[in-house]
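Geometric and topological summary
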Amino acid sequence: MEILVCVKRVPDPAENEIAVEGGGIRRDDLVYAVNEWDNYAVEEALRIVEREGGSVTVATVGGPEADETLRREMAMGAEKALLLSDPAFADADGLGVARILAAAVRKGAYDLVLTGAMADDGAAQVGGMLAELLDWPFASLVNRVEGAGPLRIGREIEGGAQEVSDIDLPCVLSVQTGINEPRYVGLRGIRKVASAEIPVLDAAALGVEPAAPRVRRLAYFVPETGPGAELLEGGIPEVAARLAGILKAKGGIK
Amino acid sequence: MDQVFVFVPGADDSAAELSAAAAALFPGAAPTALVAGHGEALAAAARDAARAFPQVWSFDAPDLAHPDAERLRPLLAKVLPAGACLLLPHGTLAMDLAPGLSVRLGAAYAPDVVGAEGADGSWLRLVRQEFGGQVHARVACDAAQGAVITVRSGAFVPAPAGPGGTVVDRSADIPAVQPRRRFREVVAAPAGDVDIAREEVLVSVGRGIGDQENIALAEELAEAMGAALSCSRPIVDAKWLDKGRQVGTSGQTVRPKVYLALGISGSFQHLGGIKGSPFLVAVNKNPKAPIFQAASVGVVADLLELLPELTDAVRKVK
Ligand SMILES: Cc1cc2nc3c(=O)[nH]c(=O)nc-3n(C[C@H](O)[C@H](O)[C@H](O)COP(=O)(O)OP(=O)(O)OC[C@H]3O[C@@H](n4cnc5c(N)ncnc54)[C@H](O)[C@@H]3O)c2cc1C
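Just so we're clear, the structure is a prediction, and the values are computed from it rather than from any experiment.

1. Section: helix H4 (residues 92-105) of chain B
Residue and element names in this part refer to chain B. Given a rise of 1.5 Å per residue, 14 residues ought to cover 20 Å, and the 20 Å separating the end C-alpha atoms of H4 matches this to within 8%. Within H4, 12 of the 14 residues are buried, which leaves the element mostly enclosed by the surrounding structure. For H4, the set of buried residues is Thr92, Leu93, Ala94, Met95, Asp96, Leu97, Ala98, Pro99, Gly100, Leu101, Ser102 and Val103. After H4 finishes, the residue Gly106 shows a positive phi value of roughly 70°.

Here it is in structure tokens:
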């Protein structure tokens, strides 16, 4: 099975406090990582190929620095990578990104496209848009993939239940965390792919005309909220004792 | 953009919330509600929608008994007029249905909206959250060719019930679909060893616990308090605790009196599983973590330092 996995370089939520400055995100000291959901998607692709044969390609829309993201996913085991990069892609909205990815998919002969369920903007939109542009069937929040086509898939729905369906190939699936345990990537793996050739495809190579975005971010802000929590200050033993007292008073200790 | 529609997935709180969201986004519009399904469940959804909207279109077919995006997408694409705006709740159905539908309609897509701030011509000014709720973004969405907007549950205060609307059966408009994705069944969540939904006091661990071995520290605290242990999703994804312990929209809904959140950032999917406004205490090393907005009392500290001391202190006050 030929599988394309769409991945994204995002600020690592575990390493960053996202700060707003003049209506924008302060970017200078952000630490970046691969979008958490995408690692599950790449892992699932690798497992499908281990089972059914074929190969895994990872693709990203981004600047030159996204090369690092592709190499990390290659170190996980993806055979090939595509960097979809052009200054004209800079203000693409979700649909714009989906169009760029759709052009890359059409240039290949893929049976299956996987994306992460969502990324840093929480929009969860690119997979579903990509499927529609390709006129392929789609499922979001996928937490189980079996078979070789049609695939037997599970989707996560509310309350921890799973919706089971069969889906024809080719299709697009957006993958939810917990579907597998992404394999560990060691330094050795990273070194092995350090000199791998990664083709860069720009707007001309892909044949996409960037369209004016219909959804635009105007500004970031930190919301005015209520007083929030009363913060207990002091040394650890003192705070622990006060907290224990509060928990007891509120019926939290039985 | 004067044609406003809302999709009401079922008989729950969503109709009244969608009505409030529609009023905030499109003041003065008279939105039409759409319900799809089969039998008594559909009738209940239609009754619920009619309490919130003057007009309801109802689509009844056995194939729609389970809400299935593969069938709903062509249905909505067929019955919505060109340039319409559609609102729906941002749940797992919307994540499946809405992005592709917006493309099919040629409409803009604004997902998971938490606020409305007016409009500049055809550009709607909306508020979303990014980076797991750490920051908000003001977003403009061009509705000139229509828009599909999904609305965060709980973000808009439910509108009071209206005088009661009329339900029109539009089942004849349901298109024939050769589905390329075929629904089989719904498998219920596996039952856990404890029912955290019934516990009065929960000690809940999140990714901030760092390592599987550290869960024992939280277990000790829970035992000292006489509380049950629950967790956020990453702990279940890592298989450190059972799915039955997961609090949140895709886990268990809990109604404790006291909830102690340890190393949990406070995403809406997590907080969405905590009902009945418990006394919420948060411990987090990041003073800007969104959980502190929801909590009554907070401690900014490293969990691994605080936990042993807190367990001792609890044993002392018992
Ligand atoms: C469709 C969908 C459904 C979902 N359903 C659920 C659900 O049911 N339940 C759920 O919980 N999530 C759910 N999620 C995931 C949710 O969006 C968040 O990713 C998740 O809740 C984050 O868990 P967390 O707070 O433990 O981790 P993080 O967001 O990573 O937060 C960890 C926190 O720990 C703090 N921390 C780190 N180290 C320490 C330390 N040493 N001491 C103190 N604090 C520390 C950090 O500052 C941070 O705030 C869902 C997501 C999707 C897309």
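2. A short note on the sheet that holds strand E11 (residues 162-167) of chain A
Taken in spatial order, the 10 strands of this open sheet run E13(A)-E7(A)-E6(A)-E1(A)-E8(A)-E12(A)-E9(A)-E10(A)-E11(A)-E10(B), and their pairing is mixed. The open sheet has two free edges, formed respectively by strand E13 (200-201) of chain A together with strand E10 (181-187) of chain B, since each of these has just one partner strand. Alignment of strand E8 (residues 112-116) of chain A against strand E12 (residues 171-175) of chain A, held across 5 bridges, turns out to be parallel. Residue Val113 of chain A lies in a different strand from E12 of chain A, and its bridge partner there is Val172 of chain A. Contacts from H4 of chain B reach strand E9 (138-146) and strand E10 (151-156) of chain A together with E10 of chain B within the one sheet, and its direction differs from that of E9 of chain A by about 115°.

3. Some points on the pairing of strand E11 (residues 201-205) of chain B
All names here are of chain B. With respect to burial, E11 is a largely interior element, 5 of its 5 residues being buried. Of the two faces of E11, the one lined by Val201, Val203 and Val205 and the one lined by Leu202 and Ser204 are each fully buried. In terms of strand pairing, E11 meets strand E13 (residues 258-262) through 5 bridges, oriented parallel. Among the inter-strand pairings, Val205 is bridged to a residue of E13, identified as Leu262. Two elements, E11 and strand E12 (residues 228-231), share 4 bridges in a ladder whose sense is parallel. Bridging from a neighbouring strand, Ser204 pairs with Ser230 of E12. For the crossover from E11 across helix H5 (residues 215-225) to E12, the handedness is right-handed.

4. Observations concerning helix H1 (residues 36-52) of chain A
All names here are of chain A. In this model, H1 (17 residues) spans 25 Å end to end at C-alpha, consistent with the 24 Å of a helix rising 1.5 Å per residue. Across the 17 residues of H1, 12 count as buried, placing the element largely inside the fold. Of all the positions in H1, only Trp37, Asp38, Asn39, Tyr40, Ala41, Val42, Glu43, Glu44, Ala45, Leu46, Ile48 and Val49 are classed as buried. One or two positions beyond H1, positive phi appears at Gly53, with a value near 85°.

5. Some words on the site of the ligand
Taken together, 29 residues are adjacent to the ligand, and Ser232, Ser250, Ser265, Gln269 and Asn284 of chain B come closest. The ligand is flanked by residues contributed from chains A and B. Between a nitrogen atom of the ligand and a main-chain N or O atom of Val247 of chain B, the distance comes to 2.8 Å. For the ligand, the protein covers 88% of the area, taking 990 Å² as the surface of the free molecule. Every element with two or more residues in the shell around the ligand is listed here: helix H6 (233-237) and helix H7 (268-271) of chain B. Taken together, the residues that form the shell around the ligand break down as 8 nonpolar, 16 polar and 5 charged.

Parameters and conventions
Residues numbered from 1 in each chain as written. Chains lettered and ligands numbered in written order. Predicted model: local features only at pLDDT ≥ 70, side-chain atom pairs only at ≥ 80, totals over all residues. Heavy atoms only, no water. Helix = DSSP H or I, 4+ residues; strand = E, 2+ residues; numbered from the N terminus. Expected span 1.5 Å × (residues − 1). Buried < 20%, exposed > 50% of the residue type's maximum accessible area, 1.4 Å probe, protein only. Pairing = 2+ DSSP bridges. Contact = heavy atoms within 4.5 Å. Axes fitted to C-alpha atoms, helices over the stretch in contact; angles between N-to-C directions. Right-handed = clockwise from strand over helix to strand, strands pointing away. Near = heavy atom within 4 Å. Polar contact = N/O pair within 3.5 Å; in protein donor to acceptor, adjacent residues only side chain to side chain. Areas by Shrake-Rupley, 256 points an atom, 1.4 Å probe, with all protein chains shown as cover. Nonpolar A, V, L, I, M, F, W, Y, C, P; charged D, E, K, R; others polar.

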